[in-house]
Amino acid sequence: MSNSDRVVLALGGAGTVGSGIVKALLDKGFKVAVISRDRGRLERLRTLVSPSTQDKLTTVVGDVGSEEGAEQAKQDLLKAVGKVTDIVSSLGFSWWQGGPPHTQSLKDLTWVIETLLLSTFVSWKAFFPLVRDEPSSTYSFITGGAGDKLLMPGTGFLTVGAASALAFCQVLRDEYPQVPCKLNQVKINAGVAPPERMVPGYLSNLDLGEAVASLVERRSTSHSVFTVSCPADLKSVTLERSL
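Numbering of residues begins from 1 in every chain and follows the order in which that chain's sequence is written. The predicted origin of the model limits local features to residues at a pLDDT of at least 70 and limits the giving and counting of side-chain atom pairs to 80 or more, whereas totals for whole chains, interfaces and linings rest on all residues. Just so you know, side-chain values use all the structure's heavy atoms and leave hydrogens and water out.

## Comments concerning the layout of surface pockets
Logical step 1: Put plainly, a pocket is an open set of points on a 1 Å grid over the protein atoms alone with protein on both sides within 12 Å along at least five of seven lines, a cavity is a set where a 1.4 Å probe fits but cannot get out, and a lining residue has an atom within 4 Å of a point. Grid points are joined across faces, edges and corners, and a volume is the space filled by probe spheres set on the points. Approximately 260 Å³ is the volume found for the second largest pocket.
Logical step 2: Taken together, 17 residues form the lining of the second largest pocket, with Ser 19, Arg 44, Leu 48, Pro 194 and Asn 205 sitting closest to its centre.

Written out as structure tokens, the structure is:
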């Protein structure tokens, strides 16, 4: 199956990380679909991709953060594109620094967990059946390394949320060892920004997008974790060498 015959659902595709992935997939000839609650973000995404590929981008207004919303979004998506062959999930946010735990409320913690874990679970439950039994399909999770340690004072809830997402990905790899679909994870241990906002130590969302798009394109690796801490590590993802 050529890239032009493949339809990639980019969950979180309107975000900083996701938009880089969407652009790279489109540039490689894939058809790409993105779901977001925010119509304005979807319109902005269309301006960020190459003009010659805009006709291959399908956007759907929907909410994948609830079971009912995700099911409705799935139906709307399938009506628009007919099929999904690959999925990339980069849901959530990359930064939170609300303060130490004793200054936060249960509502704050619930919001972080909902954003980083529950939306990932709900969308996986809704969309994974579309690709699960196909050996030529892929499901790639993009996660953050904040779950490994406290990055700095005041970011504790980010660590809790990110750790739960990492654990969920581990559970999926262990619970579904023989699933035909290629199930992989790219773990980012660095900040990610668009080229105009780059600072030392950060990864370009466009470079990251190219690496993830190459992983999706080759679809020869499964149940692997690719850890990216610096630009040089992106080559390992491109070459499908897990770290």
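And the narrative resumes.
## Describing the nonpolar core
Logical step 1: In these notes, a set of buried Ala, Val, Leu, Ile, Met, Phe, Trp, Tyr and Cys residues joined through side-chain atoms within 4.5 Å is what counts as a nonpolar core. Residue burial is assigned from relative accessible area. The probe radius is 1.4 Å, only protein chains are included, and a residue is buried under 20% of its type maximum, exposed over 50%, and partly exposed in between. Judged by nonpolar contacts, the single largest core of 32 residues is most densely connected at Val 22, Val 32, Val 34 and Val 186.
Logical step 2: Put simply, DSSP marks the helices as runs of H or I at least four residues long and the strands as runs of E at least two long, and each gets a number from the N terminus on. Every element with two or more residues in this core is listed here: strand 1 (7–11), helix 1 (16–27), strand 2 (31–36), helix 2 (39–48), strand 6 (182–188), helix 6 (205–218), strand 9 (224–228) and helix 7 (234–238).
Logical step 3: Listed in part, the 28 residues of the second largest apolar core include Ala 73, Val 84, Val 179 and Leu 183.

## Observations regarding the packing of aromatic side chains
In this description, a pair of aromatic rings is defined by centroid distance and the angle of the planes.
Logical step 1: Pairing of aromatic rings covers Phe, Tyr and Trp, the last through its six-membered ring, and needs centres within 6.5 Å; plane angles under 30 degrees mean stacked, over 60 mean edge-to-face, and all others mean tilted. Tallied over the full model, the rule gives ten aromatic pairs.
Logical step 2: Residues Phe 128 and Tyr 139 carry aromatic rings whose centres are separated by 5.8 Å and whose planes lie at 70 degrees to one another, so their mutual orientation is edge-to-face. Of the two residues, Phe 128 is situated in the loop between helix 4 (106–127) and strand 5 (138–144) and Tyr 139 in strand 5; the sequence distance between them amounts to eleven residues. One exposure class covers both Phe 128 and Tyr 139, and it is buried.
Logical step 3: Through a chain of ring-to-ring contacts, the aromatic side chains of Phe 121, Trp 124, Phe 128, Tyr 139, Phe 141, Phe 168 and Tyr 176 assemble into a single cluster.

## Quick word on the pairing of strand 6
Across a regular strand the side chains alternate sides, sitting on one face of the sheet and then on the other.
Logical step 1: Burial within strand 6 is extensive, with seven of its seven residues counted as buried.
Logical step 2: A two-sided burial pattern is seen for strand 6, the buried positions comprising Lys 182, Asn 184, Val 186 and Ile 188 on one face and Leu 183, Gln 185 and Lys 187 on the other.
Logical step 3: Two strands make a pair as long as DSSP finds a minimum of two bridges between them. Relative to strand 6, strand 5 runs parallel, the two sharing seven bridges. Within strand 6, the residue paired with Tyr 139 across the bridge is Leu 183.
Logical step 4: With strands facing away from the observer, any crossover in which the path from the first strand over the helix to the second runs clockwise is taken as right-handed. This β-α-β element, strand 5 to helix 5 (residues 156–175) to strand 6, shows right-handed connectivity.
Logical step 5: As paired strands, strand 6 and strand 9 are joined by five bridges and run parallel to one another. Looking across to strand 9, one finds that Asn 184 is bridged to Ser 224.

## Topic: the environment of Ser 4
Logical step 1: Positionally, Ser 4 belongs in the segment before strand 1.
Logical step 2: Put simply, Ser 4 and Phe 30 are 26 residues apart on the chain and 5.0 Å apart in space, counted from C-alpha to C-alpha.
Logical step 3: Residue contacts follow a heavy-atom distance rule, with two residues in contact if any of their heavy atoms lie within 4.5 Å. The contact partners of Ser 4, leaving out residues within four places of it in the chain, are Gly 29 and Lys 31.
Logical step 4: Among the polar contacts made by the side chain of Ser 4, one reaches the side chain of Ser 2 at a distance of 2.9 Å. Pairs of N or O atoms are called polar contacts if they sit within 3.5 Å, as long as, within protein, a hydrogen donor faces a hydrogen acceptor (for residues adjacent in sequence, only side-chain-to-side-chain pairs).

## Thoughts on the pattern of salt bridges
Logical step 1: Definition used for salt bridges: Asp or Glu carboxyl oxygen within 4 Å of a side-chain nitrogen of Lys or Arg. Applying the stated criterion across every chain yields a total of eight salt bridges.
Logical step 2: Among the salt bridges present, the one from Arg 6 reaches Asp 86, with a minimum N-O distance of 2.8 Å. Residue Arg 6 is located in the segment before strand 1, and its partner Asp 86 is located in strand 4 (residues 86–89); the two are separated by 80 residues in the primary sequence. A single burial state applies to Arg 6 and to Asp 86, both of which are buried.
Logical step 3: Residue Asp 133 is joined to Arg 132 by a salt bridge in which the shortest nitrogen-to-oxygen separation is 3.6 Å.
Logical step 4: Under the relative-accessibility criterion, Arg 132 is labelled partly exposed at 33%.

## Quick look at unusual backbone geometry
Logical step 1: Within the chain, Arg 219 stands out as a residue other than glycine whose phi angle is a positive 45 degrees.
Logical step 2: Summarising the element assignment, Arg 219 is placed in the loop between helix 6 and strand 9.
Logical step 3: The backbone phi angle of His 223 is positive, close to 55 degrees, even though this residue is not glycine.
Logical step 4: In this structure, His 223 sits in the loop between helix 6 and strand 9.
Logical step 5: Note on His 223: relative accessible area 24%, which makes it partly exposed.

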